[in-house]
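Close look at the chain arrangement
The lines below spell out each chain.
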Amino acid sequence: MKIDLEARSQEKFGRPLAELDDTTICTMLEDIVREHAATMPLNEGKRRLYYLSAEFLIGRLLTNNLIELGVYDDVKAQLAAAGHDLGAVEEREVEPSLGNGGLGRLAACFLDSIATLGLPGDGVGLNYHYGLFHQRFVDLQQAAEPDGWLDRQDWLVKDEKAYTVEFGGFTVKSRLYDIDVLGYGRTTKNRLRLFDLESVDDSLVPVNSIDFDKGELAKNLTLFLYPDDSDDAGRLLRVYQEYFMVSNAAQLILDEAVERGSNLHDLPDYAVVQINDTHPSMVIPELVRLLVDVHGFEFDEAVSVVRRMVAYTNHTILAEALEKWPLESLKTVAPRIAEIVVKLDELERAENGSNDAVAIVRDGVVHMAHMAIHYGFSINGVAALHTKILEDTELHPFYELYPEKFSNKTNGITFRRWIMDANPALSGVLDDVLGTDWRTSCDLSGLLAFKDDDAVLARLDDAKSEAKAGMREFLWETQGVRIPEDAIIDVQVKRIHEYKRQQMLALYIIWKYLDIKNGNIPARPLTIIFGGKAAPAYTIAQDIIHLILLLSRWIAADPVVSPHLQVVMIENYNVSAAERVIPAADISEQISLASKEASGTSNMKFMLNGAVTLCTLDGANVEIADLVGDENIYTFGTSSKEVERLYAEHAYDAHAHYLRPGVKLLVDFIANPAFLALGNAERLHRLHDDMAWKDWFMALLDIEEYIQKKEQVLADYENRDAWRKKSLVNIAKAGAFSSDRTIRQYNEDIWHL
Ligand code: 4GP
């Protein structure tokens, strides 16, 4: 592809490139990429993958697409020659916010890898007009504002296809938008297909209460990334959204299979559906419905077809993701689907001897994961430990029934975004040291040969300094925070959730604050950075944010402590912020309660960018630890087996742990009189009492060992030579976590494209 920006500028605006502003240039570049992508053919193949997901957290696309097309350096140079900075232009792009967290970001990395490997496979989801909320901090608390992104974006292309979706009592028409998904160095593409309502009405936003008047539903169904599910109305709306998504997806799948020559009896030869958590699991009864009601199949044959084409990924063992819908809700939303679900349940009971533990419908409740396992041909977890827990505990009765369906697919991250785009300095060093093959192979193991090479270690160190300078600039410009140049950068970025234990890091901060007050001055400043959003209905998570913001302000105002300790909570943490912060990190905080984090993917991003991990043996941390070896990682905490035992036997006594003198001091600090005066007393009391009496995710069980380990990390950081080697080994071993590897495994074991 050849781009002549000067010519384009003259042609479009009658002005030289030098005179355009950043926003105009951004739009111009987006147009150029989109127009070029429109001419690229789709990846072809008889069997096509449909990756169904309620979330796709794709992040900004411009830089990524320029890299995929191999024109990034050229565009940068042309802009520079006209006095522009591509970095500043990139900042003009609005980030689509079509996802909440890990599962949505994983889906985006997967789309990138599927396209890069040249496999025929599209993402299918919903075109939410207001994605995840925009987070603001007001009075040291999270405020959630609607984040309309649609009117300022340029990637969506209207597709010809449109369907009708029948709900109980009313019918809507859909509209389909595509975003082209390019692969690295590829001349073919895939798409992200996002369904919207034909009759959607943007003027309805923002609303907090949902109107179930059928006319209103036809206007607002796609306005929100699945909304608050803390009450019945929110849950019902989610069922409506899910059915809208899967009905469109199923119609699209059948349509395209027929276009490619399928007679539908051979549908599994033409299509495979990967369902991302249980949100799209109604695609199973919907496919059966279409085959029976529209295409005249016998019920049994329809079921046998669907059974050979649907695969399910489980992303968490937390109950909230294993959706259970009242059968009554299904009857309201889509009566025919409720009927089919009941038949699927009867069929399953007939086959497996009516075992309630694995039933699809039990006591009027539909267990979506159970349906996905019985009627899918594959179920996978997302890290070795997670899959083991599914097999041995959480889904054990299913594992006994269908051991052959279970497999592990450890998550991965796309190297295009997480190093080439996010960390050009490090990418440049790797090019010089290893040659550029790593850009396609994602194999960085050649770096190990330079473990004792001072020049290479120094260059890696320079790249880290450059990334830190970029992050400092970003945090100053967007958050108004200044970070000391020589600070150790210690980062925990992810959704705010008790199991991820941001509250445990907050307790460490209290400990460190008191330690410095006691005269123990650290060798150099420590900057602890948090980023993440809390679900608006998740009260304790909001309380944790409040505590972090309070600590941040309190410490910044303390003349004794502030030169040595800084706490930063990034406002509105998103993919773009992650790209600035992760490359700069020295320490990667992965401190979830063992057994609770299915995999994690930020752990992989940090490692790839040379941070050293401080972690519990949870999720993919276990695999990172195996790869890098004991001397290049810091692990601590109660094992997942022991945690499972404590839960099973109700043997964890939070209050007994709280009463230990060192611990009580820290927890009580949350509700000290000065904090109560400065902050929100209700939030602080609630969080304090929760930790002192309940502590469901056992932060107090691990806190002492955590503090000890972290102090060791900080001390070891001062041995600069040894630390640089640790960092090198982490980068060198990160190839195992390329999402290209993950996608190859999905394809070889599940999709067979
Ligand atoms: C997340 C898991 O919490 C995380 O451990 C995992 O890395 C990620 O999925 C991708 O597999 N789960 C979700 C969710 O985001 O909504 O269940």
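Residues numbered from 1 in each chain as written. Predicted model: local features only at pLDDT ≥ 70, side-chain atom pairs only at ≥ 80, totals over all residues. Heavy atoms only, no water.

If you look the protein chain up in an unreviewed UniProt entry, it shows as Alpha-1,4 glucan phosphorylase from Tractidigestivibacter scatoligenes. Heading Catalytic activity (unreviewed entry) of the UniProt record for the protein chain holds this comment: "[(1->4)-alpha-D-glucosyl](n) + phosphate = [(1->4)-alpha-D-glucosyl](n-1) + alpha-D-glucose 1-phosphate". (UniProt positions renumbered as here; feature names shortened; annotations may be inferred.)

In the vicinity of the ligand lie 14 residues, with Leu103, His315, Asn411, Glu597 and Gly600 positioned nearest. A distance of 3.3 Å separates an oxygen atom of the ligand from a polar backbone atom of Ala598. A distance of 3.0 Å is found between an oxygen atom of the ligand and a backbone nitrogen or oxygen belonging to Ser599. Here the ligand loses 86% of its free accessible area of 410 Å² to cover by the protein chains. Each residue belonging to the shell around the ligand can be placed in one class, and the counts come to 5 nonpolar, 7 polar and 2 charged. Of the residues that make up the shell around the ligand, three or more belong to each of domain 1 (43-59 + 101-129 + 154-411 + 743-751) and domain 2 (421-638 + 704-737). (Near = heavy atom within 4 Å. Polar contact = N/O pair within 3.5 Å; in protein donor to acceptor, adjacent residues only side chain to side chain. Areas by Shrake-Rupley, 256 points an atom, 1.4 Å probe, with all protein chains shown as cover. Nonpolar A, V, L, I, M, F, W, Y, C, P; charged D, E, K, R; others polar. Domains from an automatic or database assignment.)

Turning our attention to the sheet that holds strand β11 (residues 324-326). Strand order in this open sheet of 3 strands is β11-β13-β12, and the pairing throughout is antiparallel. Taken across any chain shown, the strands that pair with only one partner, and hence form the sheet edges, are β11 and β12 (361-362). Judged from the 2 bridges that link them, β12 and strand β13 (residues 365-367) form a sheet pairing that is antiparallel. Among the inter-strand pairings, Val361 is bridged to a residue of β13, identified as Val366. (Pairing = 2+ DSSP bridges. Helix = DSSP H or I, 4+ residues; strand = E, 2+ residues; numbered from the N terminus.)

Interhelical geometry of helix α12 (residues 335-352) versus helix α13 (residues 368-375) gives an angle of 60° and a closest axis separation of 11 Å. Taken as axis vectors, α12 and α13 run oblique relative to one another. Our pair here, α12 against α13, has a crossing hand that is left-handed. Between α12, through Val341, Leu344, Leu347, Glu348 and Asn352, and α13, the contact on the second element is made entirely by Met371, His374 and Tyr375. When the residues that make up the contact of α12 with α13 are grouped by side-chain class, the tally is 5 nonpolar, 2 polar and 1 charged. (Axes fitted to C-alpha atoms, helices over the stretch in contact; angles between N-to-C directions. Parallel < 35°, antiparallel > 145°, perpendicular 65-115°, else oblique. Left-handed = near helix turned anticlockwise from the far one by under 90°. Contact = heavy atoms within 4.5 Å.)

This part takes up the side chain of Ser739. Mapping Ser739 onto the fold places it in helix α32 (residues 739-751). Owing to a relative accessible area of 0%, Ser739 belongs among the buried residues under this scheme. The residues contacting Ser739, other than those within four sequence positions of it, are Cys109, Phe110, Ser113, Gly412, Ile413 and Thr414. (Buried < 20%, exposed > 50% of the residue type's maximum accessible area, 1.4 Å probe, protein only.)

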